[in-house]
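This is what each chain is made of:
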Amino acid sequence: MSVNRRLSSSLEMTSTRAPPSRRGSELRMTDRRGSGYSSAGFSSRRPSIDPSRLVPMDKTTHVGGTDNFNVVFIGAGNIMFGSDEGPWNHSFRFEHKLGLRLKVVAIVDPAIERANAVLKQKRDSFVVSAYQNTRVFKTLDDFVKNMTPKERPRAVVVGSPPMFRGTLQPGRDIEMQIMKHFPGVAMFIEKPVATGPKSEINEGFTIARHISDSNSICSVGYMLRYLKAVQKMKQIIEENGLVVMATIARYAAAYEAITKPDWWDRSRSGGPIIEQGTHFCDLSRYFGGEVDISSVTAHSLEWDEEAGYLSKMGIDESKIAPENRIPRVTSATWKYDSGAVGSLMHVATLQGRNYSCELEIHADGYSLKLVNPYVQPILTSADPVMTTNKRTLSLMMTLSSPRFPIGLILLRTSRRIQEAAQILSTYEDACRTYEFTWAIREASERSRATKLAARRSATSVVEEVLAEEENEA
């Protein structure tokens, strides 16, 4: 295949040719915070990883060494210690990668009883050596005050709810507190970076600058970037010099299995796009490049509309204020800075426990489709070299590690930096995804507000006409 296009050194799948005059946003790339460029003028994206280096967790090797590797877990919930909802379990990955070296010196969570309960389970298991001397604290400050020099952490894992982090506000500034007490410590932070009001987004970018200036190792948990199938897609795009023309994301959640009341309350979770759909918004950015935020449009199906009824909710929605109940469907479209087009359909409609998720990437002559990335990723590819009778190649890609960034942090902290040790989601990059998800939520809320205003106006006109007819009578 003759290829006349070549990629720039960034991951933003754009041509090296000078772009045509801008449509939509007229800001230059380096003037836009969401352009993919840092303040130094270079792309903030990380290079992709050779997919051959990504292997399942049960086939990885542990991080070598004989010294203790101290870790602090902030949060004792499902993300940190696992649940039936999915493969989220940070503690398991640390135990797997570090083996006997792992020493969890502290679990920080205001829910002391829950923290002690999971700690007891760990001490009753084969990983008891990692938790034998673990102590539980309500706050990070409590740990700092009681910490001995031997307990100083080399890595901190932040898995506390996003409404309690990602800002500069006291009590919700855990990242700043970690850097204050432990300069240079490695950090792994769960996604999204926050779920506060939109007015606090800039505070996230301020935190990102502090992290960058401190040269701290920091990764955010957008783990789908690290799937072998995703990196194979990157490889196909890069090796063929392709320019992404469109991204199409679909996310169908099994709502019946979601029994956390906070998830159904947009004032706490931020809503399904910010809290859940964020993974596919991030993957869309990973392939399509930066989004022209001003181009985002969206519509939603709300709880109080005829088509919005759900028959098997696992929580009592009546306990949530009507204005805070989440939409059942959100459909969004946007333009990328490159001119490419993106779309997302998020629905909370499935019953049972199985989700249905897929992402399509389209380029000149190519169609790449990723299906079921959370459980058993399957990549199908249609390209020009296929014969007419065999246009689609199906590649079964095992889940290399749903939390591969943890391994990267350990490798770098252990000074075993390898080619594969590339952190693909920095805090700054995660802030851009967060900003993008907020843009989708706002666009859908504007659309709903416009519809309600039109309905009220029509009702008012009818009432006026009826009143006039009554007076005339």
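In case you missed it, the structure is sitting above this.
These notes cover the structure that comes with them. Here the structure is a predicted model, which is why all the values come from computation and not from measurement.

About the cut-offs
- Residues numbered from 1 in each chain as written.
- Predicted model: local features only at pLDDT ≥ 70, side-chain atom pairs only at ≥ 80, totals over all residues.
- Heavy atoms only, no water.
- Core = buried A, V, L, I, M, F, W, Y, C linked by side-chain atoms within 4.5 Å.
- Buried < 20%, exposed > 50% of the residue type's maximum accessible area, 1.4 Å probe, protein only.
- Helix = DSSP H or I, 4+ residues; strand = E, 2+ residues; numbered from the N terminus.
- Contact = heavy atoms within 4.5 Å.
- Phe/Tyr/Trp six-rings, centres within 6.5 Å; stacked < 30°, edge-to-face > 60°.
- Lys NZ or Arg CZ within 6 Å of the ring centre and 35° of its normal.
- Patch = residues over 30% accessible without salt bridge, like charges linked within 9 Å, V, L, I, M, F, W, Y side chains within 5 Å.
- Areas by Shrake-Rupley, 256 points an atom, 1.4 Å probe, with all protein chains shown as cover.
- Salt bridge = Lys/Arg side-chain N within 4 Å of Asp/Glu carboxyl O.
- Lys, Arg positive; Asp, Glu negative; His and termini not counted.
- Charge placed at Lys NZ, Arg CZ, Asp CG, Glu CD.

**Some thoughts on the nonpolar core**
Consideration 1: Ranked by internal contacts, the top residues of the largest apolar core, which has 45 residues, are Phe 280, Phe 287, Trp 334 and Ile 440.
Consideration 2: Secondary-structure elements contributing two or more residues to this core are helix H8 (228-239), strand E7 (244-254), helix H11 (278-288), strand E9 (329-335), strand E11 (356-363), strand E12 (366-371) and helix H13 (427-472).
Consideration 3: In this structure, Ala 106, Phe 143, Val 193 and Ile 207 belong to the second largest nonpolar core, which totals 34 residues.

**Some points on the side chain of Arg 266**
Consideration 1: Inspection of the secondary structure puts Arg 266 in helix H9 (residues 266-269).
Consideration 2: The buried category is assigned to Arg 266, whose relative accessible area is 10%.
Consideration 3: If we skip the residues at most four places from it in the chain, Arg 266 touches Gly 271, Glu 302, Glu 323, Asn 324, Arg 325, Ile 326, Pro 327, Arg 441 and Glu 445.

**A closer look at the packing of aromatic side chains**
Consideration 1: As enumerated under the stated definition, the model contains 12 aromatic pairs in all.
Consideration 2: Relative to Phe 280, the ring of Tyr 251 has its centre 5.4 Å away and its plane inclined at 80°; by these criteria the two rings are edge-to-face. Taken together, the positions of Tyr 251 in strand E7 and Phe 280 in helix H11 put the pair 29 residues apart, joining distant regions of the chain. Pair check on accessibility: Tyr 251 and Phe 280 agree, each one buried.
Consideration 3: Judged by centre distance (6.0 Å) and plane angle (80°), the ring pair of Tyr 251 and Tyr 355 falls under edge-to-face. Of this pair, Tyr 251 sits in strand E7 while Tyr 355 is found in the loop between strand E10 (341-350) and E11, placing the two residues 104 residues apart along the sequence.
Consideration 4: Given the relative accessible area of 4%, Tyr 251 is considered buried.
Consideration 5: What makes Tyr 355 partly exposed here is its relative accessible area of 26%.
Consideration 6: Site record: aromatic cluster; members linked through ring pairs are Tyr 251, Phe 280, Tyr 355 and Tyr 374.
Consideration 7: The ring centre of Tyr 286 lies 4.1 Å from the NZ or CZ of Lys 234, which sits over that ring.
Consideration 8: Positioned over the ring face of Trp 303 is Arg 325, at 4.3 Å from the centre of the ring.

**Considerations on a negative patch on the surface**
Consideration 1: On the surface, a cluster of negative charge is made up of Glu 463, Glu 464, Glu 468, Glu 469 and Glu 472.
Consideration 2: Here Glu 472 shows up in helix H13.
Consideration 3: Of the residues examined, Glu 472 reaches a relative accessible area of 69% and is grouped as exposed.

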